[in-house]
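# Coordinates in review
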Amino acid sequence: MFRKLCIIGLAFLMSSSIMTLTADAQDKVTGPWMWMIMPNSVACGADATHVDEIDEQTGGKLSEEDVAEDGITPKVLRVKFKTGYEWTEGEIAVAGGNNLQLMLNDLRFGPAAPEVDLNSHCAYAVINAKSKKSVKDATARVGSDDSVKVWVNGKEVHANAVNRGAGDFQDTFNVDIKVGDNVIMVKVCECGGGWSMFFGIQADLDYNLKFKGLPVEPADKLATQWGALKDLRNSNFKL
């Protein structure tokens, strides 16, 4: 009888462990994200966390809050950055301590090219998350090298002004998800060494680049969509 009880107890503990692991499991959002990078206007990493680098780069024509609220709209695309960089689509790897830098190198985005290591830069990643239902206090996680800030639907929901390395999730916080579209923006500021970002929300969400004001097209037409909008930026047409 004692042996039987021990076996039952062990089975219960194993079952509980499996359930806990399943509940804690969370996918990382690799993309598609829309990216913008820029050199820091202040020192680097943690020091740049609470500096609106978008405002700095656009001379006050655009702010972090503008992008975080509506995503990458035609109006946002028309604003020029001092660097001359365009918002660019890209996906990051699910693991690794330098996944953001490697993506930039693959895209040849900005000054990035194979073997280039950018330091003292901030990256903004923007994505739309569509939900069939509202979710209160959904668990969200991030990992970052170095500092990180997160917005959901224009509201700052997490910030960690820190210089650190990252190869996985590190910070946990809660977010509210509404029915329909939810704009998510993540800012990661790099100081030196690796440059990485990991993000995920424990909810049933469809991630896409269908922002307000953009035509709804299949994913394979997004490249043409962005190209047309970039041409529009150079015209005299007023949005």
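No experiment lies behind these values; they were computed from the predicted model shown. (Residues numbered from 1 in each chain as written. Predicted model: local features only at pLDDT ≥ 70, side-chain atom pairs only at ≥ 80, totals over all residues. Heavy atoms only, no water.)

## Examining the overall build of the chain
When helices and strands are counted, the chain shows 6 helices and 10 strands. Taking all 239 residues of the chain together, the buried fraction comes to 45%. Long-range contacts, defined as pairs at least 24 residues apart, comprise 76% of the intrachain contacts of the chain with a sequence gap of at least 6. (Helix = DSSP H or I, 4+ residues; strand = E, 2+ residues; numbered from the N terminus. Buried < 20%, exposed > 50% of the residue type's maximum accessible area, 1.4 Å probe, protein only. Contact = heavy atoms within 4.5 Å.)

## Remarks on the confidence of the model for the chain
Looking at the chain as a whole, its pLDDT mean stands at 84, while 79% of the residues score no less than 70. The low-confidence segment residues 1-25, where pLDDT is below 50, has 4 contacts with residues more than four positions distant or belonging to other chains. Of the regions scoring below 50 in pLDDT, residues 228-239 engages in 17 contacts with residues more than four places distant in sequence or in other chains. (pLDDT = per-residue confidence, 0-100.)

## Some words on the packing of aromatic side chains
What the rule picks out here adds up to 4 aromatic pairs. Centre to centre, the rings of Trp-33 and Phe-199 are 5.9 Å apart; their planes meet at 80°, and the pair counts as edge-to-face. In this pair, Trp-33 sits in strand β1 (residues 33-39) while Phe-199 sits in strand β9 (residues 196-201), placing the two residues 166 residues apart along the sequence. Here the aromatic cluster, defined as three or more aromatic residues joined through ring pairs, consists of Trp-33, Trp-35 and Phe-199. Over the ring of Phe-169 we find Lys-28, and its NZ or CZ is 4.9 Å from the ring centre. (Phe/Tyr/Trp six-rings, centres within 6.5 Å; stacked < 30°, edge-to-face > 60°. Lys NZ or Arg CZ within 6 Å of the ring centre and 35° of its normal.)

## Considerations on the side chain of His-158
As for its position among the elements, His-158 is in strand β6 (residues 155-160). A distance of 3.0 Å separates polar atoms of two side chains, one belonging to His-158 and the other to Asp-171. Ignoring sequence-local partners within four residues, the contact set of His-158 consists of Val-142, Val-148, Lys-149, Val-150, Asp-171 and Phe-173. (Polar contact = N/O pair within 3.5 Å; in protein donor to acceptor, adjacent residues only side chain to side chain.)

## Quick look at the environment of Ile-177
You can see Ile-177 is positioned in strand β7 (residues 171-177). Between the C-alpha atoms of Ile-177 and Ala-129, which are 48 residues apart in sequence, the distance is 8.8 Å. In contact with Ile-177, not counting residues within four places along its chain, are Ser-131, Lys-133, Ser-134, Val-135, Asn-182, Ile-201 and Leu-205.

## Concerning the side chain of Asp-145
By the element assignment, Asp-145 lies in strand β4 (residues 135-145). Here Asp-145 is buried and forms no salt bridge, its nearest opposite-charge partner Arg-164 lying at an N-O distance of 7.6 Å. (Lys, Arg positive; Asp, Glu negative; His and termini not counted. Salt bridge = Lys/Arg side-chain N within 4 Å of Asp/Glu carboxyl O.)

## Remarks on the sheet that holds β9
Strand-to-strand pairing in sheets goes through backbone hydrogen bonds, with the strands running parallel or antiparallel. Taken together, 3 strands build an open sheet; the order of strands is β7-β4-β9 and the sheet is antiparallel. Either end of the sheet is taken by a strand with one partner, and the two such strands are β7 and β9. Averaged over all pairs of adjacent strands, the angle between their axes in this sheet comes to 25°, without regard to strand direction. Here β4 runs beside β7; their pairing, made up of 6 bridges, is antiparallel. Looking across to β7, one finds that Val-142 is bridged to Asp-171. (Pairing = 2+ DSSP bridges. Axes fitted to C-alpha atoms, helices over the stretch in contact; angles between N-to-C directions.)

## Structural notes on unusual backbone geometry
Cis geometry is found at the peptide bond from Gly-31 to Pro-32, where omega equals 10°. Summarising the element assignment, Pro-32 is placed in the loop between α1 (2-24) and β1. Residue Glu-115 is not a glycine yet carries a positive backbone phi of 80°. Within the fold, Glu-115 resides in the loop between α5 (99-107) and β3 (121-131). If you check the backbone angles, Ser-120 has positive phi at about 55° while not being a glycine. Along the chain, Ser-120 turns up in the loop between α5 and β3. Under the relative-accessibility criterion, Ser-120 is labelled partly exposed at 27%.

## Comments concerning the pattern of salt bridges
Counted according to the given criterion, the structure contains 6 salt bridges. The salt bridge involving Lys-149 is made with Glu-156; its shortest N-O contact spans 3.7 Å. With relative accessibility at 5%, the residue Lys-149 sits in the buried group.

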